[in-house]
Structure formats: C-alpha cells, structure tokens
Amino acid sequence: MSRIIFPAIIKKRVMEELQSTEILDREILEDARKKAHRILKAADETIKVKSADWEQKLAADISELEKKYAQQGAVATDEIMARLPIDKYRAKSKKMETLLDSAVAHWYASLSRARILDLLKQELAKRLAVYGEIAAAVKIRILICHIRQAEAETIVTAVLPGKSCVIETIHSASLYPELILEIPELRIYASIDKMIAYFLGKKRVELVESLLGEIDREEW
C-alpha cells in the first residue's frame, strides 16, 4: 500500500512546487513590468519637463537675438542715413574732379608748343621781377622737366639776357613742363602744373559752373 501512495505524494508535491515556481515567475515579471512602466513614465515626464524648459529658453534666446539684431539694424540704418549726404558729396566731388582733370588735359592738348613755352617764360619773368637780387647772382642753375635743353636756353636768354646758366634735366612727378631756376639763396618755379593748380584754386566755382551750369556755391 505504501509503495503505491508514496510516488503519488511525491508527484503531487512536485506539481505544487512547479505551480509555485510559475506563480513566483509571474509575480516577478509583473513586478518588473510595473517597475519598468514607472521608470519609463518618469523618464517621459522628465523629457516633457526638459523639453518645455528648452523650448522656453530657446524662445527667450530667439527673442533676445531679435532685439539685438533689431538694435544693430537700427544703428546701421542711422549710420547709413547719416553717411548718405557725405557719400553723395564725395561722389559728386569725385565726378567734378574727374571733369576738371579732363577739361585741363583737353585745354593743355589744345596748346601749341610755342604757347606752352611762352607761358613758362611769362611765369619765370613774373617771379624774377619780384627778386631784383637775381641779377647779381654769379651761379645760376636751371632744372628742367618735359622741356628740351634748347627750349630752356631760349626762355632763359629772353628773361635773363647775358647771364650764363647750367641746365640740367630732372625727373619730376609733374605731368606738365616745368623749369626751376636755382641760385644759392633762392629757388624759383615756372611750372604749368603749379599754374593750373593756382588757377583751379582761384577759379574752381567758375570752372565748375562752366562745366555743369549753376551750382550751389556753398557745396564747393
């Protein structure tokens, strides 16, 4: 009798143990699922909070940048508006200088060589008339640019008859003929370039008006 009952009891206990193990596994899994759910829910809430904070900070940063760029734009606009009259004047002035330079070049190109040399002779004579001591000078040096030596000799002979001079050719930044008379105490220029500069300084408005018509004299 005991031999038959004993295996049945063991089998029953084994089944009970298996059932207990299954229940325990289910409980463990359920507990793990709940914990995972809580963790994911907490993480999701954290993400939502962080996202809201980030969006709020981003909106604040964008607003600050918009204000900053608006201020910079306003400053730049003010600077541009303030500079417009100056830039306009500079552009007008540059155009006028170009026109004047062109007019001078055209005037010079229309002169004969004899007229150019005559202008130099007149300039030299006019300046020598102011300095009487030149007649007593023993050593006279003549420096020339864009003039031939023979032309310089003709000018000097006409202005200082009987005076001997040493004539030298020099390099100069001047675009036009130039003659410089040197004695130890003095240097006298007869220069087409300086003549033009003087004339432009004294007659600028008249020259501009002749090129463009009446202008506001206060602008020049």
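What this report covers is the structure whose coordinates are included nearby.

Rules used in this analysis
- Residues numbered from 1 in each chain as written.
- Predicted model: local features only at pLDDT ≥ 70, side-chain atom pairs only at ≥ 80, totals over all residues.
- Heavy atoms only, no water.
- Helix = DSSP H or I, 4+ residues; strand = E, 2+ residues; numbered from the N terminus.
- Buried < 20%, exposed > 50% of the residue type's maximum accessible area, 1.4 Å probe, protein only.
- Contact = heavy atoms within 4.5 Å.
- Areas by Shrake-Rupley, 256 points an atom, 1.4 Å probe, with all protein chains shown as cover.
- Pairing = 2+ DSSP bridges.
- Axes fitted to C-alpha atoms, helices over the stretch in contact; angles between N-to-C directions.
- Polar contact = N/O pair within 3.5 Å; in protein donor to acceptor, adjacent residues only side chain to side chain.
- Patch = residues over 30% accessible without salt bridge, like charges linked within 9 Å, V, L, I, M, F, W, Y side chains within 5 Å.
- Salt bridge = Lys/Arg side-chain N within 4 Å of Asp/Glu carboxyl O.

1. Comments concerning the overall build of the chain
Then, number 1: When its secondary structure is counted, the chain shows four helices and four strands.
Then, number 2: Its helices and strands in sequence order give the chain the pattern α-α-β-α-β-β-β-α, from N to C terminus.
Then, number 3: Looking at the chain as a whole, 22% of its 220 residues qualify as buried.
Then, number 4: Counting contacts in the chain only where the partners sit at least 6 residues apart, residues at least 24 apart contribute 73% of the total.
Then, number 5: For the chain, the computed accessible surface area is about 16,600 Å², with 59% contributed by carbon and sulfur atoms.

2. Concerning unusual backbone geometry
Then, number 1: For histidine 146, which is not a glycine, the phi torsion comes out positive at approximately 60 degrees.
Then, number 2: Along the chain, the position of histidine 146 falls in the loop between strand S1 (141-145) and helix H3 (149-159).

3. So, the sheet that holds strand S2 (residues 166-169)
Then, number 1: Spatial ordering of the open sheet is given by S2-S1-S3-S4, a layout of four strands whose pairing is mixed. Sheet topology places S2 and strand S4 (186-191) at the edges, where each strand pairs with a single neighbour. With strand direction ignored, the average angle separating the axes of adjacent strands in the sheet is 20 degrees.
Then, number 2: With four bridges joining them, S1 and S2 adopt parallel strand pairing. Its bridge partner lying in S2, isoleucine 144 is registered against threonine 169.
Then, number 3: Across the face of the sheet, helix H2 (residues 113-128) comes into contact with strand S3 (178-183) and S4 while running at roughly 150 degrees to S4.

4. A few points about the side chain of glutamate 123
Then, number 1: Tracing the backbone through its elements, the reader meets glutamate 123 in helix H2.
Then, number 2: At 2.5 Å, the side chain of glutamate 123 forms a polar contact with the side chain of arginine 127.
Then, number 3: Other than its neighbours up to four places away in sequence, glutamate 123 contacts Ala190 and Met195.

5. Focus on the pairing of S4
Then, number 1: Pairing analysis gives six bridges linking S3 to S4, with the strands arranged antiparallel. The residue of S4 that forms the bridge with glutamate 178 is serine 191.
Then, number 2: A loop of two residues connects S3 with S4, the two strands running antiparallel in sequence.

6. So, a nonpolar patch on the surface
Then, number 1: On the surface, a cluster of nonpolar side chains totalling about 300 Å² of accessible area is made up of Trp54, Leu58 and Ile62.
Then, number 2: Mapping leucine 58 onto the fold places it in helix H1 (residues 2-109).
Then, number 3: Among the residues examined, leucine 58 registers a relative accessible area of 34% and is labelled partly exposed.

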